[in-house]
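The chain contents come next:
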Amino acid sequence: MTQSGFTVVGHRGNPVKVAEETIASFDSAFSDGADYVELDLHVSKDNQLVISHDRDLQRITGTSAIVSQNNFAYLSTLHQANGEPMHTLNQIFAYYAERPETKFLIETKKTKYNNPKNMEQLLVETIEQYHMADRVLVHSFSYKSLKSLSKLMPGLPLIFIVGSLKRINFDVLSYVDGINISSKLVNSKLISQLHSLNKKVFVWDEMQENPAQWNWLVNLPIDGVVTNYPSTGFQYKLAKDGTKEYRVDRDAVVVSKAPLTTRVNPYVDLGTNKTVPPFRKVHVDSAVIVNHRTFYQLENGEFIPADTVNFNLDERNYLPYINQKIILKAGGANSLYDNPLTPTKVVGKLTANTPLSIVGMNTSGGETWFETTHGWIQGKKTC
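Okay, so let's go over this structure.

**Here's the deal with the overall build of the chain**
Working step 1: A count of helical and extended segments in the chain gives 11 helices and 24 strands.
Working step 2: Its C-alpha atoms give the chain a radius of gyration of 27 Å, more than 25% over the compact-globule value 21 Å for 383 residues.
Working step 3: Seen through its C-alpha atoms, the chain measures out along the principal axes to roughly 85 × 40 × 35 Å.
Working step 4: Partitioning the intrachain contacts of the chain with sequence separation of at least 6 by distance along the chain shows that 56% fall at a separation of at least 24.

**Section: helix 8 (residues 188–196)**
Working step 1: Those residues of helix 8 lying buried are L190, I191 and L194. Buried residues of helix 8, viewed axially, fall in a sector of 100°; they line one side. Projecting away from the buried face of helix 8 at angles above 90 degrees are the exposed residues K189 and S196.
Working step 2: Tucked into the core, helix 8 has its buried residues touching helix 7 (170–173), strand 8 (178–182) and strand 9 (200–204).
Working step 3: Capping of helix 8 at its N-terminal end is provided by N187; its side-chain oxygen lies 3.1 Å from the backbone amide nitrogen of K189.

**Digging into the packing of aromatic side chains**
Working step 1: Considering all chains together, one arrives at 11 aromatic pairs under this definition.
Working step 2: Here F30 and F104 contribute two aromatic rings whose centre-to-centre distance is 6.1 Å and whose plane-to-plane angle is 90°, an arrangement assigned as edge-to-face. Linking F30 in helix 1 (residues 23–31) with F104 in strand 5 (residues 103–108), this pair joins segments that are 74 residues apart in sequence. The burial state of F30 is the same as that of F104; both residues are buried.
Working step 3: Through pairs of rings, three or more aromatic residues link up here, namely F30, F93, Y95, Y96, F104 and Y130.

**A word on the pattern of salt bridges**
Working step 1: Tallied over the entire structure, the rule returns 15 salt bridges.
Working step 2: A salt bridge links R59 to D54; the nearest nitrogen and oxygen atoms lie 2.7 Å apart.
Working step 3: Salt-bridge contacts for D307 lead to R293; the nearest nitrogen and oxygen are separated by 2.6 Å. A residue pair is termed long-range when its members are at least 10 positions apart, and D307 in the loop between strand 16 (303–305) and strand 17 (309–310) and R293 in strand 15 (residues 293–298) qualify at 14 residues.
Working step 4: One continuous salt-bridge network, built from bridges that share partners, spans R12, E20, D54 and R59.

**Structural notes on the layout of surface pockets**
Working step 1: Of the pockets and cavities examined, the largest pocket occupies roughly 830 Å³.
Working step 2: Looking at the largest pocket, it is lined by 33 residues, and the ones nearest its centre are S188, N219, P221, E245 and Q297.
Working step 3: Only strand 1 (2–3), helix 8, helix 9 (211–217), strand 11 (244–254), strand 14 (281–290) and strand 15 provide two or more residues apiece to the lining of the largest pocket.
Working step 4: Sort the elements by how many residues they give to the lining of the largest pocket and strand 14 lands first, with four residues.

**Describing the nonpolar core**
Working step 1: Residues L41, F104, I106 and L123 are the most contacted members of the largest nonpolar core, which totals 58 residues.
Working step 2: The leading source of residues in this core is helix 5 (residues 119–129), at five residues.
Working step 3: Residues in contact with I106, not counting those within four places in the same chain, are L39, L41, L89, F93, L123, V136, L137, V138 and H139.

**Describing the side chain of S52**
Working step 1: Looking at where S52 falls in the secondary structure, it is placed in the loop between strand 4 (49–51) and helix 2 (58–61).
Working step 2: Using a relative accessible area of 1% as the deciding quantity, one classes S52 as buried.
Working step 3: Once residues within four sequence positions are removed from consideration, S52 is found in contact with E21, D40, L41, H42, L57, I60 and M86.

**Things to note about the side chain of T88**
Working step 1: On the secondary structure map, T88 appears in the loop between helix 3 (72–75) and helix 4 (89–95).
Working step 2: Sequence-distant contacts of T88, that is, excluding residues within four places in its chain, are made with Q48, L49, V50, I51 and F72.

**Examining the environment of F104**
Working step 1: By relative accessible area, F104 is classed as buried at 0%.
Working step 2: For the pair F104 and H53, spaced 51 residues apart in sequence, the C-alpha to C-alpha distance is 15 Å.
Working step 3: If we ignore the near neighbours within four places in the chain, the residues touching F104 are F30, Y36, V37, L39, I92, F93, Y96, M132, R135, V136 and L137.

**Overview of unusual backbone geometry**
Working step 1: With an omega dihedral of -5°, the bond running from N115 to P116 counts as a cis peptide bond.
Working step 2: Residue placement: P116 occurs in the loop between strand 5 and helix 5.

Calculation criteria
- Residues numbered from 1 in each chain as written.
- Predicted model: local features only at pLDDT ≥ 70, side-chain atom pairs only at ≥ 80, totals over all residues.
- Heavy atoms only, no water.
- Helix = DSSP H or I, 4+ residues; strand = E, 2+ residues; numbered from the N terminus.
- Rg over C-alpha atoms; globule rule 2.2 N^0.38 Å.
- Contact = heavy atoms within 4.5 Å.
- Buried < 20%, exposed > 50% of the residue type's maximum accessible area, 1.4 Å probe, protein only.
- Arc of directions from axis to C-beta.
- Polar contact = N/O pair within 3.5 Å; in protein donor to acceptor, adjacent residues only side chain to side chain.
- Phe/Tyr/Trp six-rings, centres within 6.5 Å; stacked < 30°, edge-to-face > 60°.
- Salt bridge = Lys/Arg side-chain N within 4 Å of Asp/Glu carboxyl O.
- 1 Å grid on protein atoms, 1.4 Å probe; cavity = no way out; pocket = protein on both sides within 12 Å on 5 of 7 lines; lining within 4 Å.
- Points joined across faces, edges and corners; volume = space filled by probe spheres on them.
- Core = buried A, V, L, I, M, F, W, Y, C linked by side-chain atoms within 4.5 Å.

Set out below in structure tokens:
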């Protein structure tokens, strides 16, 4: 059984709300629940680590200036959409020095010729100067940059960014701690393979996130999401945090008088327009426990409540019960529960000899439970 939950990274801060990679954008992302903010590095002519996604600052500042061709004294006179000047990594680390909860995912921007050659040394020196080793992750499309960092600063968490599965190989995996992969490529099998190699899996979504994509993505056992919408990521993280997952891979049957509405995921209560009919045989791939309730994931990826799903049960074991009347045994009030798998919440009490109609059944754990219109009751308390 594994714990769920994932790390939320604000891609360039909170760019949908505030100008990207500014202090205001980073603050906004942290306020919206981001665990990390992502920022990009270029090296100026005078060897300052300048925070910018683009090498040419035209889009960001309205002035065409190539970072590597200018000293930071000039670059700092250029202002971004919200009025902030360009920043160096030193300035950002100094600004957040006394806020230990703020963490950073740093991308090294390199040319195909692995330039600038001194970026990794400058980065390591800056991390050490501000004592940020336990507050940063580094990712890059450049495997050479990551390999250099692995030698300069052993133990620094490194993540390889990939937009093609062809880029993943055992050489790269030997010195990185994880993969940051496009959501177009990720699937549960790939994640399982990488996890078996003790590699974390982060996902980015090509800046095209939408509710349907989140509802699919959150089902995967990802370790982190790099997102332009950190507030949305935080909402899904809260929904998934603390839940537990385990593999099932067994055939089962739904023993319920009513059809079960399927859900796209067990974390957010979003039903589909699909149902599983009563007494339908299904194959359960995995289980997720959310707030003491268990949900089973079927072969098609959708989820159903586990309450009336039974294993190792044939028709002669359940058909005689459905729609039959049962009577509570004598001996005082009997508790009715909200579910049979984790029966911790009492939803009512009935006195002895109260007649009940069975509408569902569960035989998990070697004990029979009956679902009634009033709640679930142990079979041994009925006659």
